[in-house]
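Coordinates in review
Letter by letter, the chains look like this.
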Amino acid sequence: MSEILESGGSFTLGKPELICRWRLAGGRLPLENRHLRALGRRRIEGDRIDTALVAWAKQHIEWTLQEGAAQYPDGVLMIIVDEKGQAAMTVGPYEGLAKDSLADLARRARHAQAEGAETGVEPESLWAKRDGVLYWDAGKGTTPSGAASLVEDLARTLGIPLERREGLLDEVKADPTSFEEAFLVSDEYGIVVAGDAAGEEGARFATGYDRLLQKARNRR
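These lines cover the structure that appears in this document, whether it is placed above or below. Everything quoted here is computed from the prediction, not taken from an experiment. (Residues numbered from 1 in each chain as written. Predicted model: local features only at pLDDT ≥ 70, side-chain atom pairs only at ≥ 80, totals over all residues. Heavy atoms only, no water.)

Turning our attention to empty space enclosed by the protein. Per the counting criterion, the structure on display carries one cavity of 30 Å³ or more. What the largest cavity holds in volume is close to 40 Å³. The wall of the largest cavity is formed by Glu 122, Ser 125, Trp 136, Ala 138, Thr 142, Thr 143, Pro 144, Ser 145 and Ala 148. Residues belonging to the lining of the largest cavity are distributed by class as follows: four nonpolar, four polar and one charged. (1 Å grid on protein atoms, 1.4 Å probe; cavity = no way out; pocket = protein on both sides within 12 Å on 5 of 7 lines; lining within 4 Å. Points joined across faces, edges and corners; volume = space filled by probe spheres on them. Nonpolar A, V, L, I, M, F, W, Y, C, P; charged D, E, K, R; others polar.)

Once that is clear, we can look at the nonpolar core. Counting residues in each nonpolar core, the largest one holds 22 residues, and the members touching the most others are Trp 22, Leu 39, Ile 61, Leu 65, Leu 77 and Ile 79. Those elements giving two or more residues to this core turn out to be β2 (16-23), α1 (32-39), α2 (51-68), β5 (76-82) and β6 (87-92). Looking at which element gives the most residues to this core, the answer is α2, with six residues. Of all hydrophobic cores here, the second largest spans 21 residues; its members include Leu 31, Leu 150, Ala 155 and Tyr 209. (Core = buried A, V, L, I, M, F, W, Y, C linked by side-chain atoms within 4.5 Å. Buried < 20%, exposed > 50% of the residue type's maximum accessible area, 1.4 Å probe, protein only. Helix = DSSP H or I, 4+ residues; strand = E, 2+ residues; numbered from the N terminus.)

As a further point, take the packing of aromatic side chains. The relative placement of two aromatic rings is captured by the distance of their centres and the angle of their planes. A complete count under the given rule lists four aromatic pairs for this structure. Here the aromatic rings of Tyr 94 and Tyr 189 are separated by 5.9 Å at their centres, their planes lie at 55 degrees, and the arrangement is tilted. On the criterion of sequence distance, the pair formed by Tyr 94 in the loop between β6 and α3 (102-119) and Tyr 189 in the loop between β10 (181-186) and β11 (190-193) is long-range, its members being 95 residues apart. Between Phe 183 and Phe 205, the aromatic rings sit 5.7 Å apart at their centres with planes inclined by 45 degrees, giving tilted as the arrangement. Here Phe 183 is found in strand β10, whereas its partner Phe 205 is found in helix α6 (residues 200-218), with 22 residues between them in sequence. With relative accessibility at 3%, the residue Phe 205 sits in the buried group. Just above the ring of Trp 136 sits the side chain of Arg 164; from NZ or CZ to the centre is 4.4 Å. (Phe/Tyr/Trp six-rings, centres within 6.5 Å; stacked < 30°, edge-to-face > 60°. Lys NZ or Arg CZ within 6 Å of the ring centre and 35° of its normal.)

Moving on, we come to the pairing of strand β7 (residues 124-130). Among the seven residues in β7, seven count as buried, and that is most of the element. Residues Glu 124, Leu 126, Ala 128 and Arg 130 point to one face of β7 and Ser 125, Trp 127 and Lys 129 to the other, with burial holding for every one of them. With six bridges connecting them, β7 and β10 associate as antiparallel partners. Bridging across to β10, Ser 125 finds its partner in Val 185. Two strands pair when backbone bridges link them, and β7 and strand β8 (residues 133-136) are joined in this way by four bridges, in the antiparallel orientation. Each bridged residue has a counterpart across the sheet, and for Trp 127 the counterpart in β8 is Trp 136. (Pairing = 2+ DSSP bridges.)

Shown next as structure tokens:
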């Protein structure tokens, strides 16, 4: 991995309390504003992230990301924050998910749900369609991640009926065949359509997300 910078000058980063992993494309962060907005809504040990940290992240994404991501222009930007609010940025390679079954994606969403209960933002969430309605696994009091806010806005723009459903993961586990299709929305992996529950909505969002990445690459 290539380290970009640290906040507050030279220091020793303590125990990581929060790690954000955001997909890059062409050395750029396509969902920059959405990710930073979600970062500002996250919590560490019950306290909201300091606005100064968000400003620091924005500044250095704009000023140093292109150089810092030279080794992995299509990699993953990671922001690591410790219990004192100290932070560091680093860029590493991107590797796609090895498993994309509905059960595997649901397990990832379950893990992200636990993280969201602590930090206020779930970095990954499961979305599933049934009877023309797109259901979104989103816990109470959580703020959409950068990628989730994109899909939420796109769904509403396209006129797709959308509903938050806190118990969606339990429903999928109990009867996965009751849903017509399902996909994972992830800050790191984008839109991952379930290999055994693919459908037109997931494919449409995945295509749109890929176009967004390509647009960022073309700006180089």
